[in-house]
Amino acid sequence: MKFHIRTRAATVLYALIWAYFGVNHMVHAKDMAGMVPIPGGAFWVFITGVGMLLACIAIILNKKAKLACYLLALMLLIFIFAIHVPGLMKNSPMAPANLLKDIGLMAGAIVIGNVINHIKQIGQ
C-alpha cells in the first residue's frame, strides 16, 4: 500500500511539472515562436501548451492517462528531432541540456504510461 501512495505522489508531481510547462508555453507563446521550425510558431507553442495541461489533468485524474503519457512521449520525441538536434548542430549552448531534459521527461512519460493503471488512487 505505501508503495502505491509514494508512486501515486510521484506521478502527481510529474503531472504538475507538465502543468507548469503548459502554462509557460501558453503565456510565452510569442517569445518561444522562434524555436518552432514550421510556420505558425506561436500557434504551435500555444497548442502544445494546451496539450501539456490536458496531459496533466489526465494523469492526475487517471482518465486516459496512458494515452496522455504516450502522446507526451511522442511530442517530446518530435521536440528532440525538430528543435534540440538542430540546436546541437548549431552549437547552441542550451541544446545539450534541453535534449537530455526532454529525453528524461520522455522516459518518465513512458514509464508512468506503463504503470499508471496499476497505481491505486490516494484514498482508495
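In case you missed it, the structure is sitting above this.
What you see is a predicted model, and the numbers here were worked out from it, not measured in a lab. (Residues numbered from 1 in each chain as written. Predicted model: local features only at pLDDT ≥ 70, side-chain atom pairs only at ≥ 80, totals over all residues. Heavy atoms only, no water.)

Asks: Which residues make up the pattern of salt bridges, and what are the values?
Replies: Overall, the coordinates contain 1 salt bridge when judged by the stated rule. The salt bridge involving lysine 101 is made with aspartate 102; its shortest N-O contact spans 2.9 Å. The class for lysine 101 is partly exposed, based on a relative accessible area of 36%. (Salt bridge = Lys/Arg side-chain N within 4 Å of Asp/Glu carboxyl O. Buried < 20%, exposed > 50% of the residue type's maximum accessible area, 1.4 Å probe, protein only.)

Asks: Quick one: what's the story with the packing of helix 3 (residues 41-61) against helix 4 (residues 65-89), residue by residue and with numbers?
Replies: Across the interface, helix 3 lies against helix 4 with an axial gap of 8 Å and an inter-helix angle of 150°. In terms of orientation, helix 3 lies roughly antiparallel with respect to helix 4. Crossing angle aside, the handedness with which helix 3 passes helix 4 is left-handed. Contacts between helix 3 and helix 4 pair Thr48, Met52, Ala55, Ala58 and Ile59 from the former with Ala65, Ala68, Cys69, Leu72, Met75 and Phe79 from the latter. (Axes fitted to C-alpha atoms, helices over the stretch in contact; angles between N-to-C directions. Helix = DSSP H or I, 4+ residues; strand = E, 2+ residues; numbered from the N terminus. Parallel < 35°, antiparallel > 145°, perpendicular 65-115°, else oblique. Left-handed = near helix turned anticlockwise from the far one by under 90°. Contact = heavy atoms within 4.5 Å.)

Asks: Would you mind going over the packing of aromatic side chains in detail, with residue names and values included?
Replies: Scanning the entire structure with this criterion turns up 4 aromatic pairs. Consider the rings of tyrosine 14 and tryptophan 18, whose centres lie 6.3 Å apart with planes at 70°: the pair is edge-to-face. Of the two residues, tyrosine 14 and tryptophan 18 are both situated in helix 1 (residues 2-27); the distance of 4 residues between them amounts to about one turn of the helix. Taken individually, tyrosine 14 and tryptophan 18 each receive the classification buried, so the pair is uniform in this respect. Ring centres of tryptophan 18 and phenylalanine 21 lie 5.6 Å apart, and the angle between their planes is 70°; on these two criteria the pair is classed as edge-to-face. Note that tryptophan 18 and phenylalanine 21 are positioned in helix 1 at a spacing of 3 residues, about one turn of the helix. For the residue pair tryptophan 18 and phenylalanine 21, the accessibility class agrees, reading buried in each case. Chaining the aromatic ring pairs together yields one cluster made of Tyr14, Trp18, Tyr20 and Phe21. A cation over a ring is seen here: lysine 101 above phenylalanine 21, with NZ or CZ 5.2 Å from the ring centre. (Phe/Tyr/Trp six-rings, centres within 6.5 Å; stacked < 30°, edge-to-face > 60°. Lys NZ or Arg CZ within 6 Å of the ring centre and 35° of its normal.)

Asks: So what's going on with helix 4? Residues and values would help.
Replies: Helical geometry: 3.6 residues make up each α-helical turn, so side chains three or four residues apart lie on a common side. Between its terminal C-alpha atoms helix 4 stretches 35 Å, which fits the 36 Å expected from 25 residues at 1.5 Å a residue. The largest bend along helix 4 measures about 35° and falls at isoleucine 80. Once helix 4 ends, the next one or two residues include asparagine 91, with phi positive near 60°. (Expected span 1.5 Å × (residues − 1). Bend = angle between axes of the 7 residues up to and from the residue.)

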